[in-house]
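In case you want the letters, here they are:
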Amino acid sequence: MALTEAETDMTAPLKAIEANVDLPELMTDLAARARAAARVLALASPQQKDRALQAIERAIRASAGAILAANAEDVAEVRAGGASSAFIDRLMLTQGRIDAMADGVATVRAIKDPVGVVTESWQRPNGMTIERVRVPLGVIAVIFESRPNVAADAGVLCLKSGNAVVLRGGSDSFRSCRAIHDCLVQGLREAGLPEAAITLVPTRDRAAVGLLLTGLNGAIDVIVPRGGKSLVARVEAEARVPVFAHLEGVNHIYVDHAANLEMAKSIVLNAKMRRPGVCGAAETLLIGRKGAPANLKPLVEMLIDAGCEVRGDDAVQRTDPRVKPASDEDWDTEYEDAIIAAKVVDGVDEAIAHIHNHGSHHTDAIVTDDEPTARKFLDEVDSAIVLHNASTQFADGGEFGFGAEIGIATGKFHARGPIGAEQLTSFKYRVHGTGQTRP
């Protein structure tokens, strides 16, 4: 089914986009177009892709007013529906966040193009030369919920790595995503690249997610879910194509007895309260028993005074009457809110054991001035990101120098941690011979 003008025009009214659409045919057509665009993009020069990225950056900066207006409509709608403050924070865009989005595009443009890079080369005894070279994955479907900036991050990272992308944003951020997508398409158009290289699913119909999970007749190569535990669990359970995903960010900070207290207070406060709703926020505070007499009370009081609810074990509860008792479920919970679970542990070994039993392999940190203890923690905690004397909120592709991230993968297949442009490539072998035949 060919798309109508209303269906391809991202500035059209929602009712014009969503009315009278045969969704399976629409999704199949969108994916086929993305597949064709991927073949073009895979062969595009670094210069052409960078021209598109430069135009996208300009468009985002120039369109800040339109993006903020669209976002204000989304925020007003969810606020009227009783959304939590943490949810609204994830959805809301500000001028500063739009500037950061545009800055991220500039950083992505400045990094080395990963496509075509020879990562290894060797010669066989028969004279053949074998090269391992990076190539795009193909078509990536990104399914996300409330954060509209994901549309820009995913779009530009896929563009840089030569992949086409199909974006399916959440219904709550639909207007914001459309405004951002307009900027992405403008950049592709100015660089002479196919507009279908960055496709936004033009409907809020939840059935579109199920269709993407089928792979749409082989058109989708990889799926990246960005959202809550239920979305990610569904994608991992139902997807018929590979998935880069993490279920949740149950992240820990262990404050060792050898920690500098002022440093620990700064790190813990930032890790929990900078943005409580992001996946890099700390959810559990572990405090070494040997240092508890000096460290526990100041840390707990600081968090509560900053507006954070503390749920603690018996030792933590005795520190401050405002501490609520922690349940067994608290140690396994990603709050995405101003709530933290706190526990006193018998040193680094028990901290590592607790993280092993309750963590999600996302991001965990230790605060200590003892180097052997820090090395033990960094070596033995099996998480995608492990930090020493730094906030867990650095779990972000932009902070890693990637410009942006398409997500943070906690598995061990293909990509782990922040997924930037390089992680969105696979490889193939190029073999150069001089007429060799196999005996």
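K.L.:
What is the right way to read the pairing of strand E4 (residues 164-168) from this model?
P.N.:
Side chains on a regular strand alternate between the two faces of the sheet. Most of E4 sits inside the fold, with five of its five residues counted as buried. Alternating positions in E4 separate into two faces, Ala164, Val166 and Arg168 on one and Val165 and Leu167 on the other, with burial throughout. With respect to chirality, the unit in which strand E3 (residues 139-144) leads through helix H8 (residues 149-160) into the neighbouring parallel E4 is right-handed. Relative to strand E5 (residues 198-200), E4 runs parallel, the two being bridged by three bridges. Looking across to E5, one finds that Val166 is bridged to Thr199. After leaving E4, the chain enters helix H9 (residues 174-190) and then returns to the sheet as E5, a path that is right-handed.

K.L.:
Would you mind showing me how to read unusual backbone geometry here?
P.N.:
Trans is the common state for peptide bonds, and a negative phi is the common state for residues other than glycine. Unlike most non-glycine residues, Leu216 shows phi in positive territory, near 50 degrees. Note that Leu216 resides in the loop between helix H10 (207-213) and strand E6 (222-226).

K.L.:
Quick question: what am I supposed to make of the pairing of strand E8 (residues 282-288) here?
P.N.:
Burial within E8 is extensive, with seven of its seven residues counted as buried. With five bridges connecting them, strand E7 (residues 251-255) and E8 associate as parallel partners. The residue of E8 that forms the bridge with His252 is Thr284.

K.L.:
For this particular structure, what's the right way to read the sheet that holds strand E2 (residues 129-136)?
P.N.:
In sheet architecture, strand pairing relies on hydrogen bonds along the backbone and comes in two forms, parallel and antiparallel. The strand order across the open sheet formed by three strands is E1-E2-E16, and the pairing between neighbours is antiparallel. Each of the sheet's edge strands pairs with one partner strand only, and the pair in question is strand E1 (118-123) and strand E16 (425-432). Across the sheet, the axes of successive neighbouring strands diverge by a mean angle of 20 degrees, strand direction being ignored. Note: E1 against E2, five bridges, orientation antiparallel. Bridging from a neighbouring strand, Gln123 pairs with Thr129 of E2.

K.L.:
Please clarify how the packing of H8 against H9 should be interpreted in this entry.
P.N.:
To characterise two packed helices, one gives the angle between the axes of the helices and the distance between these axes. Here H8 crosses H9 at 20 degrees, and the two axes come no closer than 8 Å. Accordingly, the angle class assigned to the pair H8 and H9 is roughly parallel. In the crossing of H8 with H9, the sense of the turn from one axis to the other is right-handed. Residue-level inspection shows Asn149, Ala151, Ala152, Gly155, Val156 and Leu159 of H8 in contact with H9, the latter providing Cys177, Ile180, Leu184 and Leu188. Of the residues contributing to the contact of H8 with H9, the split by class is eight nonpolar, two polar and no charged.

K.L.:
What am I meant to see in the pattern of salt bridges here?
P.N.:
Side-chain pairing between opposite charges can occur once the charged atoms of the two side chains come close. Following the criterion strictly, the structure yields 31 salt bridges and no others. Here Glu57 and Arg61 are joined by a salt bridge, their closest N and O atoms 3.1 Å apart. A residue pair is termed a helical-turn pair when its members lie 3 or 4 positions apart in one helix, as Glu57 and Arg61 do in helix H4 (residues 46-62) at four residues. Residue Glu57 is classed as buried on the basis of its relative accessible area, which comes to 14%. Classification of Arg61 by relative accessible area gives partly exposed; the value is 36%. Three or more residues joined by partner-sharing salt bridges are found here, namely Glu57, Arg61, Asp103 and Arg109.

K.L.:
Can you help me understand the sheet that holds E3 in this one?
P.N.:
Read from one edge to the other, the open sheet built from four strands follows the order E5-E4-E3-E6, with strand pairing classed as parallel. Two strands bound the open sheet, and with one partner strand each, they are E5 and E6. In this sheet, adjacent strand axes meet at a mean angle of 20 degrees when their direction is disregarded. Lying over the sheet, H9 contacts E3, E4 and E5, oriented at roughly 155 degrees with respect to E5. Sheet strands in contact with helix H11 (residues 229-238) are E3 and E6, and its direction is about 165 degrees off that of E6.

K.L.:
Honestly, helix H15 (residues 348-358) in this entry has me stumped. Any pointers?
P.N.:
A turn of α-helix holds 3.6 residues, and therefore any two residues three or four places apart point the same way. Inspection of H15 places Val348, Ala351, Ile352, His354 and Ile355 among the buried residues, and these make up the whole buried set. End-on view of H15: buried residues confined to an arc of 160 degrees, all on one side of the axis. Relative to its buried face, H15 has exposed residues pointing more than 90 degrees away, namely His356 and Asn357. Buried residues along H15 sit in contact with E7, E8, strand E11 (339-345), strand E12 (363-367) and helix H16 (371-380).

K.L.:
Just to check I follow, could you spell out the packing of aromatic side chains for this structure?
P.N.:
Two measures describe an aromatic ring pair: the distance that separates the ring centres and the angle between the ring planes. For the structure on display, the rule yields three aromatic pairs. Arranged with centres 6.3 Å apart and planes meeting at 80 degrees, the rings of Trp122 and Tyr429 form a pair that is edge-to-face. One end of the pair, Trp122, is in strand E1; the other, Tyr429, is in strand E16, and 307 residues separate them in sequence. Judged by relative accessible area, Trp122 falls into the partly exposed class, the value being 30%. In textbook terms, an aromatic cluster arises when at least three aromatic residues are bridged by ring pairs, as seen for Trp122, Phe427 and Tyr429. Lying across the ring of Phe427, Arg132 places its NZ or CZ 5.4 Å from the centre.

K.L.:
Looking at this structure, how should I read helix H5 (residues 64-80)?
P.N.:
Counted at 1.5 Å a residue, the expected span for H5 with its 17 residues is 24 Å, and the 24 Å between its end C-alpha atoms agrees. Burial in H5 covers these residues: Ala64, Ile67, Ala70, Asn71, Asp74, Val75 and Val78. Along the axis of H5, the buried residues cluster in a sector spanning 140 degrees; they form a single face. More than 90 degrees from the buried face of H5, the exposed residues found are Gly65 and Ala80. On its buried face, H5 is in contact with H4, helix H6 (85-91), helix H7 (95-110) and H9. Two residues or fewer after H5 comes Gly82, characterised by a positive phi angle close to 85 degrees.

Parameters and conventions
Residues numbered from 1 in each chain as written. Predicted model: local features only at pLDDT ≥ 70, side-chain atom pairs only at ≥ 80, totals over all residues. Heavy atoms only, no water. Buried < 20%, exposed > 50% of the residue type's maximum accessible area, 1.4 Å probe, protein only. Helix = DSSP H or I, 4+ residues; strand = E, 2+ residues; numbered from the N terminus. Right-handed = clockwise from strand over helix to strand, strands pointing away. Pairing = 2+ DSSP bridges. Axes fitted to C-alpha atoms, helices over the stretch in contact; angles between N-to-C directions. Parallel < 35°, antiparallel > 145°, perpendicular 65-115°, else oblique. Left-handed = near helix turned anticlockwise from the far one by under 90°. Contact = heavy atoms within 4.5 Å. Nonpolar A, V, L, I, M, F, W, Y, C, P; charged D, E, K, R; others polar. Salt bridge = Lys/Arg side-chain N within 4 Å of Asp/Glu carboxyl O. Arc of directions from axis to C-beta. Phe/Tyr/Trp six-rings, centres within 6.5 Å; stacked < 30°, edge-to-face > 60°. Lys NZ or Arg CZ within 6 Å of the ring centre and 35° of its normal. Expected span 1.5 Å × (residues − 1).

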